[in-house]
Amino acid sequence: MEPSRGAAGGGRRWGEAEGDAAEEGRRGEDGGEVSLREWLDRPGRAVEAAECVHVFRQVAEAVAVAHAQGVAVGSARPSCFVVSPPFARVAFIESASGSDASGSCSGSDASEDADPDASPPRRRDGAGRGEERAGKSFPLKSVLAMELNWYTSPEEADDSAATFASDVYRLGVLLFELFCTFETMEDKMRAMANLRHRVLPPQLLLKCPKEASFCQLLMHPVPETRPKMSEVLQSEFLNQSRNSLEEREAALRLREEIEEQQLLLDFLQQLQKRKQDIADSLQDTVAFLSSDINEVLHQQSALGHCVNFSSDLDKEVCSGTVEDQSDCGSRKRFRPELQGVDMEENNRSVEECSRTVPSSELIQESVLSKSSRLMKNFKKLETAYFLTRSELAKQVGNQISSHQVVKRAIGSAIGTEGSSIDDFSLERQYGRRQRGWVNSFLEGLCKYLSFSKLKVRAELKHCDLLNSSNLVCSLGFDRDREFFATAGVNKKIKVFEYNMIVNEHRDIHYPVVEMSNRSKLSCICWNSYMKSHIASSDFEGIVQVWDVTRSQVFVEMREHERRVWSVDFSIVDPTKLVSGGDDGCVKLWDMNQAGSIGTIRTRANVCSVQFQPDTARSIAIGSADHKIYCYDLRNIRAPYCTLVGHTKTVSYVKYLDASTIVSASTDNSLKLWDLSMSRGRIIDSPIQTFTGHTNTKNFVGLSISDGYIATGSETNEVFVYHREFPMPVLAYKFSVTDPISGQEIDDQSQFISCVCWRGQSSTLLSANSSGNIKILEMG
């Protein structure tokens, strides 16, 4: 089992990673995020009073948090905030407590003391892409150059230091920009110049007298006369429109929940129809499907009655002005011919729900695009449904009588005709457990249908002429997801800037940092706290910690006797490391101490080690003896739990959460384990087995993000699973081009060697055995 390597990528130098927010524009590509400056100056912006007050309130709350900590923000300007749809969520790019008085938006890290009710600080790499997005009328670079002057208070203009009153003055300027729009840059500059003297446009005084009065109060020339932040937040002006905005948001969320419930309802009705067509032996199956449909209808009806929709909202929905926010939808409209036995009561429930649910036709049409994927994978989803349903039966402890026993066993091959339970029923005594199961399955189904393909966002083109092999063994993102590193048999760790690779198309990408090792590298792991620290393991059994900013090793550990396959930093305690290798030993390290602080000796080669995410006291070990061992580091004499189920070497173990582990093996499968199910020291039944990829001899990678599980295949493909379903959600095959003919060929010697999610996002970094590295995006 020998992993792989690759390299390359150009970009800024390490110390230049944190670009100035004012120069970058701050538009995130995930979710439509834009800088508040761009949002204010976008051409044709309509001034909606409730929305403007909502934005202003969020900025004021962020400033108030800083003032409560005794910090004058100094940078409460539009370029230092981002806005996210659909509810105009505002987030400070740098936390208020971390900004300096000079007003820079790019200086320090986000504070952990930020307002818990506010949106979290955004990643710097999720920022905008430059002034070309700002619109034709307002060149972003020019506006940013003048913005600092506009938001400088009179006392600061006289060379006084920024104070709390100065921040209040800036809020007055922001309020003016929110309620005033201009057709030309000249008009805006003229109005902003007049604003310095508290002279407001006549149209603002006529149309928005309350807003104009509050603006003049905030911008009073005497700092002591301006209100305190507590007075600003408690003002009648800020609180008068809160209720209407919250009602609108609640209605939109309700509509989204209804659409999700409609998707599950259609799936269950389709499944019910198919089972009714088989024979009388399926009556028990139809009975419990009807029970689940009734449960969904009950929840949907409850949703329809939980909020009294205002007539204004009804008009908006009917006219199509309320934006569809659903992530999950229905396959098609409810059709009477899909009903089964005993469904007359359900019909009445549907009709009753339709009178209380807004715009059901619009909801049905908005989710129609999900239909093809649902129907294409219907048999596999059916199998997953019955498997999950049978797990529910075990949990509630129901005894299944002989006439309820399965007549057809679940087939070993997913998707065959015999792969579902064709005669299976449970008594209707589930209560809240059944309701919880329905919601859990709905969430998994929505996740499964959320994406339809893996698309290439960027390809890392590199050149390493001095190495005949570029096999990439390990990939990893740094703490802030701004940089990623590659390592492998070319004996080099190469660090690339993510944004440079994604945004700039070059013939060859060069690393921002390159560090050479004496031996082939098997694994790397970034420190989750110390941004520039990265640990590595190599084929000579050496574990090292590198300082990327200096491009050198500062800690070296030499106690392993053979090749080390895996190394991992603790998330909770960033000074702790664990490593494991072919000597059958797992070494525990503390960077502040010389030598290992503990050794776990196993009977077979150790292929993978990982700390539990919420503690530095527990680890999981993947072993060549086909088992996974979980240790409490306070008692390393024996594992507290052993997971048994794989038939070949366990090549990877990853914690999905504190009590759930995903393992990969060269038996062509991944398995999902629930540690909370352990009644003794051994768990021999995984809660899910994932199959579809090919893996019999190589390390092919394993990575987890928000329930999605990525792995490689020896067919040179990347596979993505979701924890709720045993079959792949998505797959992508690396193409191989003949260097002479230029034609695509099927090179069976190449395989995917490692994969890595970019944090909890839909972006996946993957590499194969020839050193080809691609950045893939679920879409």
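If you're wondering where the values come from, they're calculated on a predicted model, not measured in any experiment.

**Thoughts on the sheet that holds strand E28 (residues 708-712)**
With antiparallel pairing, four strands are arranged side by side in an open sheet as E27-E28-E29-E30. One side of each edge strand has no neighbouring strand; the edge strands of this open sheet are strand E27 (702-705) and strand E30 (730-733). Recorded for the sheet is a direction-independent mean angle of 15° between the axes of neighbouring strands. The sheet contact formed by E28 and strand E29 (residues 717-722) spans five bridges and is antiparallel. When the sheet's bridge partners are listed, Ile 709 is paired in E29 with Tyr 721.

**What to know about the pairing of strand E13 (residues 552-557)**
Bridging between strand E12 (residues 543-547) and E13 involves five bridges; their strand directions are antiparallel. Each bridged residue has a counterpart across the sheet, and for Trp 546 the counterpart in E13 is Val 553. Taken together, E12 and the strand that follows it, E13, pair antiparallel across an intervening segment of four residues, in which Ser 551 is found at a positive phi of about 60°.

**A short note on the nonpolar core**
In this structure, Leu 36, Phe 56, Phe 176, Leu 178 and Phe 179 are the most contacted members of the largest nonpolar core, which totals 52 residues. Among the elements that line this core, the one with the most residues is helix H3 (residues 49-68), at 10 residues. Each residue touching Phe 56, except ones within four places of it in the same chain, is listed here: Leu 171, Leu 174, Leu 175, Leu 178, Phe 214, Leu 218, Val 232 and Leu 238. Counting 42 residues, the second largest nonpolar core, distinct from the first, contains Phe 267, Val 438, Val 729 and Leu 764.

**A few points about unusual backbone geometry**
Despite not being glycine, Lys 491 shows a phi value in the positive range, around 65°. For His 626, which is not glycine, the phi torsion reads 80° and is therefore positive.

**Observations concerning the UniProt feature "repeat: WD" (unreviewed entry) in the protein chain**
Summarizing the sequence annotation, UniProt attributes the feature "repeat: WD" (unreviewed entry) to residues 557-599 and 643-676 in the numbering used throughout. Helix makes up 0% of residues 643-676 and strand 65%, whereas the separation of the span's terminal C-alpha atoms amounts to 12 Å.

**Concerning the packing of helix H6 (residues 164-179) against helix H9 (residues 209-218)**
Across the interface, H6 lies against H9 with an axial gap of 7 Å and an inter-helix angle of 155°. In this view, H6 runs roughly antiparallel relative to H9, as classed from their interaxial angle. The hand of the H6/H9 crossing is left-handed. Residue-level inspection shows Val 168, Tyr 169, Leu 171, Gly 172, Leu 175, Phe 176 and Phe 179 of H6 in contact with H9, the latter providing Glu 211, Phe 214, Cys 215 and Leu 218. By residue class, the composition of the contact of H6 with H9 is nine nonpolar, one polar and one charged.

Here is what the cut-offs are and how they apply
Residues numbered from 1 in each chain as written. Predicted model: local features only at pLDDT ≥ 70, side-chain atom pairs only at ≥ 80, totals over all residues. Heavy atoms only, no water. Pairing = 2+ DSSP bridges. Helix = DSSP H or I, 4+ residues; strand = E, 2+ residues; numbered from the N terminus. Axes fitted to C-alpha atoms, helices over the stretch in contact; angles between N-to-C directions. Core = buried A, V, L, I, M, F, W, Y, C linked by side-chain atoms within 4.5 Å. Buried < 20%, exposed > 50% of the residue type's maximum accessible area, 1.4 Å probe, protein only. Contact = heavy atoms within 4.5 Å. UniProt positions renumbered as here; feature names shortened; annotations may be inferred. Parallel < 35°, antiparallel > 145°, perpendicular 65-115°, else oblique. Left-handed = near helix turned anticlockwise from the far one by under 90°. Nonpolar A, V, L, I, M, F, W, Y, C, P; charged D, E, K, R; others polar.

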